[in-house]
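Take a look at the letters that make up each chain.
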Amino acid sequence: MAAANKARADATKTTSASTAKSKMSEAGRRDKDAEKASKDAAAADKKAASLRGEESRLRTRLATAETSERKSTEQKQRREDRRAERERAAERADYEGRISAAEAAAHQAQNTAATLPQTLPEPKPEKLRVLLLGADSRGAEIGECGLRIGREQQRIAAAVRAANHRDLIEIQPRPAATTEDLLEGISQFRPHVVHFSGHSNESLLAFEDDDDAPNSGTVVAGAAFARAMHATDEPPTLVVLNSCDSAAHLDAIVGELVPFAVGMTDAIGDGDAIIYAARFYASIANGQSIASSHAAGLVALEFAGLDPKIALLKANEGLDPAAAVLVTGTGTA
């Protein structure tokens, strides 16, 4: 339009008729170009408005799709959580059923043993069997992690290998122990000593789940663990709970069928637990009594600058741990 106006202005200024005609023709062409450009601009505006509307619709559809996908994901997660909870409930029911059966067997054995005098069994010409149960679960109820289970079992094995009666002791380590390892180990291996390393508190002990993926583990009530010790025709002579606050479970463990038990009266560090265990089993393998072996473990803690009162030995009434020697040159107690 500016070009058309300029051409008309030029036409009025010239004295040449041909030039004026030429300029007016140019002005007409420029007017047509301006009209066409105006129409094109209007069409472009209309198309832009249409595209903006389409963009708005697409954004709305995208937001709807994202909301739907989020809801679908949440529903799927809820279904997975419900499925996992059903599986855990089934596992708990199965475990409680096995414990109930074990409890019935234990009560029957206790009733049979109630009329017998409280004495240690006569030594047998067999090796002392030690079941090492280690569990580093991460249960929310316990809230700890990162135990050196393998290191502790290695130190115990090394202490036994260096002792006088190393050939008379058989150790079975189970470093990622589940509740099935507990029951199977007691029934199949028939240990004289059951040693547990892991997380615990005054009410619970934490075992691992039979799962390769990270898991929160399985917590076992102290009373249920004690009943498991009785769920065999040959209960252990000694139970060692090398875990935090485990002394609270000793009264439930020690009885007619399990004469001796060791537990911790407070939280104990991983390295401290290893120090006590290594010295305790070294003394046992050297033919020392349970009382002397426990005393040696306490002294080892004291030499390391620790409180020796943290480890507690409990014996059944009428039994003297100073007279209980688990391994000699002729057999096990």
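Residues numbered from 1 in each chain as written. Predicted model: local features only at pLDDT ≥ 70, side-chain atom pairs only at ≥ 80, totals over all residues. Heavy atoms only, no water.

A. Quick peek at the overall build of the chain. Within the chain, the secondary structure is distributed over 8 helices and 8 strands. Looking at the chain as a whole, 37% of its 333 residues are labelled buried. Across the chain, every contact between residues at least 6 apart in sequence was considered, and the portion connecting residues at least 24 apart equals 68%. In the structure as shown, the chain presents an accessible area of about 18500 Å², 50% of it carried by carbon and sulfur atoms. (Helix = DSSP H or I, 4+ residues; strand = E, 2+ residues; numbered from the N terminus. Buried < 20%, exposed > 50% of the residue type's maximum accessible area, 1.4 Å probe, protein only. Contact = heavy atoms within 4.5 Å. Areas by Shrake-Rupley, 256 points an atom, 1.4 Å probe, with all protein chains shown as cover.)

B. How the structure looks around the environment of T178. With respect to the helices and strands, T178 occurs in the loop between β2 (169-174) and α4 (179-189). As a C-alpha pair, T178 and D209 span 31 residues in sequence and 5.8 Å in three-dimensional space. Contacts of T178, omitting those with residues within four sequence positions, involve F207, E208, D209 and D210.

C. Representation of the packing of helix α7 (residues 270-285) against helix α8 (residues 290-303) within the structure. Packing of α7 against α8 leaves a shortest axis separation of 8 Å and a crossing angle of 145°. Viewed along their axes, α7 and α8 form a crossing whose handedness is right-handed. Judged by residue contacts, D272, I275, Y276, R279, F280, S283 and I284 of α7 engage I290, S293, H294, A296, G297, L298, A300 and L301 from α8. Considered class by class, the residues forming the contact of α7 with α8 number 9 nonpolar, 4 polar and 2 charged. (Axes fitted to C-alpha atoms, helices over the stretch in contact; angles between N-to-C directions. Left-handed = near helix turned anticlockwise from the far one by under 90°. Nonpolar A, V, L, I, M, F, W, Y, C, P; charged D, E, K, R; others polar.)

D. Broad picture of helix α1 (residues 2-13). An ideal rise of 1.5 Å per residue puts 16 Å on 12 residues; α1 measures up with 17 Å between its terminal C-alpha atoms. Restricting attention to buried positions, one finds in α1 the residues A4, A7 and A11. Across the axial projection of α1, the buried residues extend over an arc of 60°, all falling on one side. Pointing more than 90 degrees away from the buried face of α1 are the exposed residues A2, K6, T12 and K13. (Expected span 1.5 Å × (residues − 1). Arc of directions from axis to C-beta.)

E. Local environment of unusual backbone geometry. Positive phi, normally seen in glycine, also occurs at R190, with a value near 50°. Locating R190 in the fold gives a position in the loop between α4 and β3 (193-197). What makes R190 partly exposed here is its relative accessible area of 33%. A positive phi angle, close to 55°, is found at D245, a residue other than glycine. Looking at where D245 falls in the secondary structure, it is placed in the loop between β6 (238-242) and α6 (250-253).

F. View of the layout of surface pockets. Considered as a void within the structure, the largest pocket measures approximately 870 Å³ in volume. Every residue lining the largest pocket is counted, 31 residues in all, and those nearest its centre are E91, R92, D209, G217 and T218. For the lining of the largest pocket, the secondary structure elements donating two or more residues are α2 (17-113), α4 and β5 (218-221). The element contributing the most residues to the lining of the largest pocket is α2, with 11 residues. By residue class, the composition of the lining of the largest pocket is 9 nonpolar, 7 polar and 15 charged. (1 Å grid on protein atoms, 1.4 Å probe; cavity = no way out; pocket = protein on both sides within 12 Å on 5 of 7 lines; lining within 4 Å. Points joined across faces, edges and corners; volume = space filled by probe spheres on them.)

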